[in-house]
Amino acid sequence: MKKNSLLILAFSLMLTEMMALNGCKDDEPAGVQADQNVYELMSASTNYTTILSAIDRAGLKDLLSNTDVTFFAPVNDAFLVTGAIDPKALTDAEVTQFIKNHLVLGKFTTGDFPQPGYITSEAQMGPSGEKLSLLTSKTTGSTRVNSAQINSSTDATNGILH
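Just so it is clear, the structure is predicted and the values come from calculations on it, not from any experiment.

1. Points about the overall build of the protein chain
Phase 1 of the analysis: In terms of helices and strands, the protein chain carries five helices and eight strands.
Phase 2 of the analysis: In the protein chain, the order of α-helices and β-strands from amino to carboxyl end is α-α-α-α-β-α-β-β-β-β-β-β-β.
Phase 3 of the analysis: When burial is assessed residue by residue, the protein chain has 45% of its 162 residues classed as buried.
Phase 4 of the analysis: A separation of at least 24 residues holds for 69% of the contacts in the protein chain among residues at least 6 apart in sequence.
Phase 5 of the analysis: About 8000 Å² of surface is accessible on the protein chain, with carbon and sulfur atoms providing 50% of the total.

2. Focus on the pattern of salt bridges
Phase 1 of the analysis: This structure, assessed with the given rule, holds two salt bridges.
Phase 2 of the analysis: Note that Lys-131 and Glu-122 form a salt bridge whose closest N and O atoms lie 2.9 Å from each other.

3. Regarding the packing of aromatic side chains
Phase 1 of the analysis: This model, assessed by the stated rule, comprises two aromatic pairs.
Phase 2 of the analysis: Plain terms: the ring middles of Phe-72 and Phe-113 are 6.0 Å apart, the flat faces sit at 45° to each other, and that makes the pair tilted. Placement of the pair is Phe-72 in the loop between strand S1 (69-71) and helix H5 (92-100) and Phe-113 in the loop between strand S2 (103-105) and strand S3 (117-125), with a sequence separation of 41 residues. Just as Phe-72 is buried, Phe-113 falls in that class too.
Phase 3 of the analysis: An angle of 55° between the planes, with centres 6.2 Å apart, marks the rings of Phe-79 and Phe-98 as tilted.

4. Considerations on the sheet that holds S2
Phase 1 of the analysis: Strand order in this open sheet of four strands is S2-S1-S8-S7, and the pairing throughout is mixed. The open sheet has two free edges, formed respectively by S2 and strand S7 (154-156), since each of these has just one partner strand. Across the sheet, the mean angle from the axis of one strand to that of its neighbour is 20°, orientation sign disregarded.
Phase 2 of the analysis: In the sheet, S1 pairs with S2 via three bridges, with the strands oriented antiparallel.

5. Structural notes on helix H3 (residues 49-58)
Phase 1 of the analysis: Those residues of H3 that fall on the buried side of the exposure criterion are Ile-51, Leu-52, Ala-54, Ile-55 and Ala-58. Viewed end-on, H3 has its buried residues packed into an arc of 160°, placing them on one side of the element.
Phase 2 of the analysis: On the buried face of H3, the contacting elements are helix H2 (38-43), helix H4 (61-66), S1 and H5.
Phase 3 of the analysis: Directly after H3, the chain includes Gly-59, whose backbone phi takes a positive value near 70°.

Scoring rules and cut-offs
- Residues numbered from 1 in each chain as written.
- Predicted model: local features only at pLDDT ≥ 70, side-chain atom pairs only at ≥ 80, totals over all residues.
- Heavy atoms only, no water.
- Helix = DSSP H or I, 4+ residues; strand = E, 2+ residues; numbered from the N terminus.
- Buried < 20%, exposed > 50% of the residue type's maximum accessible area, 1.4 Å probe, protein only.
- Contact = heavy atoms within 4.5 Å.
- Areas by Shrake-Rupley, 256 points an atom, 1.4 Å probe, with all protein chains shown as cover.
- Salt bridge = Lys/Arg side-chain N within 4 Å of Asp/Glu carboxyl O.
- Phe/Tyr/Trp six-rings, centres within 6.5 Å; stacked < 30°, edge-to-face > 60°.
- Pairing = 2+ DSSP bridges.
- Axes fitted to C-alpha atoms, helices over the stretch in contact; angles between N-to-C directions.
- Arc of directions from axis to C-beta.

Below you can see the structure in the form of structure tokens.
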């Protein structure tokens with residue numbers, strides 16, 4: 001199980017690096033009030049059905065609905081990339097860690113990311129339960145988490161969807 005969990009986390013990181021992270025719509029203009037939580041934003045789009053199924057299976061809907069979070073949501077096309085993880089093939093424990101690897105507690109805009117630096121996801125690794133870190137970087141006109149470019153960010157009532 002330990003070996004499988006490490007492989008799942010490694011593939012999860014690889015998927016994050018290979019995909020372009022997309023929010024449901026372009027950045028909200030300053031002063032616009034969000035009216036949906038992170039889970040609702042994804043549910044309103046057909047681009048997130050794969051990740052939503054995994055979230056539901058992991059029992060994390062309430063967390064993404066009621067807790068202040070930043071969620072890096074892979075779109076459906078990201079799961080079609082060769083070598084990408086199929087969440088349906090994971091055990092319940094593995095799918096939970098997979099989702100948590102895309103989840104940071106608190107609301108973080110791309111301007112809040114250390115450049116370069118690390119933010120800590122909720123995924124746990126190894127017997128000590130250490131949380132995995134995600135590398136953040138910014139180049140001219142581009143913000144990345146690991147090597148995946150964030151294409152848009154959408155404010156939610158409880159956080160941000162990247």
